[in-house]
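Report on the structure
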Amino acid sequence: MPILGQNQYGKAENRVVKITRDGATHHIKDLNVSVSLSGDMDEVHYSGSNAHVLPTDTTKNTVYAFAKEHGIESAEQFGIHLARHFVTSQEPISTARIRIEEYGWERIEHTHQGAHSFVRKGQETRLTQITYDGSAWEVVSGLKDLTVMNSTDSEFWGYVKDKYTTLPEAYDRILATEVSARWRFNWTDDEQETPDWEESYAQVRKHLLQAFAETYSLSLQQTLYQMGARIIDHRDEIDEVRFSLPNKHHFLVDLEPFGLKNATEDGAVYFAADRPYGLIEATVLRDGVEPRIPVDLTNL
């Protein structure tokens with residue numbers, strides 16, 4: 001008889017927007033929450049018995065009810081509330097995984113009384129994944145779609161060349177990428193002090209951007225390492241950082257047919273190529289720590 005392997009179920013992409021009113025000043029938390037549950041679920045697969053199944057509609061309702069009852073202090077804390085609830089309230093459920101995307105909003109400054117007008121931020125999407133098995137936690141947070149560029153202080157030369165190499169060496173180039181990053185917290189137990197999730201995200205983002213801006217880059221790999229190393233060095237609550245960095249190539253346009261010199265030192269014109277692109281990926285770890293973030297970030 002075939003044997004059932006790993007399985008899980010839940011409700012994906014529950015969009016929840018929570019408005020908190022502080023007098024005339026309002027605050028927005030805009031989340032996309034996906035719930036996956038696993039445990040003693042063999043019988044529903046073998047016979048169709050739903051005796052151990054918590055309906056996915058119930059998980060959806062729980063997301064919205066918890067947003068009202070507990071508020072949303074941070075994406076991480078909201079995910080922790082949900083994961084703990086599903087594992088401790090339902091005996092057949094042994095593990096809960098909560099994935100959250102958070103969409104940022106910023107205030108529109110205006111002269112009218114109150115502060116309740118917002119514009120959606122066009123930069124990165126904040127991410128977190130909470131996994132709980134009843135005894136231990138794993139919190140992996142991150143971001144995606146954060147586009148950054150250095151218009152100079154980047155070179156690329158001294159690389160391997162063979163008969164198929166046509167790329168000229170560059171001693172002053174644009175370095176641009178769209179950062180996708182995940183970082184794993186070393187908070188795993190309720191007995192530990194909980195990190196300040198909001199402050200941690202803000203500081204990780206700050207160090208990531210500062211390292212990108214301050215590194216004189218001879219390769220995108222070098223920049224990636226400096227970004228991860230700076231996070232590890234400055235944030236004690238984080239043990240592991242994984243990056244996926246597509247190299248957003250900018251090529252000098254050949255303007256010689258028009259009698260124009262197109263030199264970087266004069267302020268050049270570039271062609272921005274969206275594909276194909278170099279894809280640089282790596283993990284930076286605290287010394288003595290084993291990696292746990294998946295190599296393929298599309299599965300996280």
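Our subject is the structure that appears above.
Residues numbered from 1 in each chain as written. Predicted model: local features only at pLDDT ≥ 70, side-chain atom pairs only at ≥ 80, totals over all residues. Heavy atoms only, no water.

Okay, the pattern of salt bridges next. Counted under the stated rule, the structure contains 17 salt bridges. Here R15 and D30 are joined by a salt bridge, their closest N and O atoms 2.4 Å apart. On the criterion of sequence distance, the pair formed by R15 in strand β1 (residues 14-22) and D30 in strand β2 (residues 25-39) is long-range, its members being 15 residues apart. R126 is paired through a salt bridge with E76; the nearest N and O atoms lie 2.8 Å apart. Placement of the pair is R126 in strand β6 (residues 125-132) and E76 in helix α3 (residues 75-89), with a sequence separation of 50 residues. Note on accessibility: R126 and E76 belong to one class, buried. (Salt bridge = Lys/Arg side-chain N within 4 Å of Asp/Glu carboxyl O. Helix = DSSP H or I, 4+ residues; strand = E, 2+ residues; numbered from the N terminus. Buried < 20%, exposed > 50% of the residue type's maximum accessible area, 1.4 Å probe, protein only.)

An order of β1-β2-β3-β6-β7-β8-β9-β12 is seen for the eight strands of this open sheet, with the pairing classed as antiparallel. Every interior strand has two partners, whereas the edge strands, β1 and β12 (278-285), have only one. Each strand of the sheet is rotated relative to its neighbour by a mean of 20 degrees, with strand direction disregarded. The sheet contact formed by β6 and strand β7 (residues 137-150) spans eight bridges and is antiparallel. Counted as the bridge partner of T131 is E138 from β7. Across the sheet, α3 lies against β2, β3 (93-103), β6 and β7, angled at about 160 degrees from β3, the strand it touches most. Helix α5 (residues 220-234) rests against β8 (175-185), β9 (238-247) and β12 of the sheet, and its axis sits at about 155 degrees to β9. (Pairing = 2+ DSSP bridges. Axes fitted to C-alpha atoms, helices over the stretch in contact; angles between N-to-C directions. Contact = heavy atoms within 4.5 Å.)

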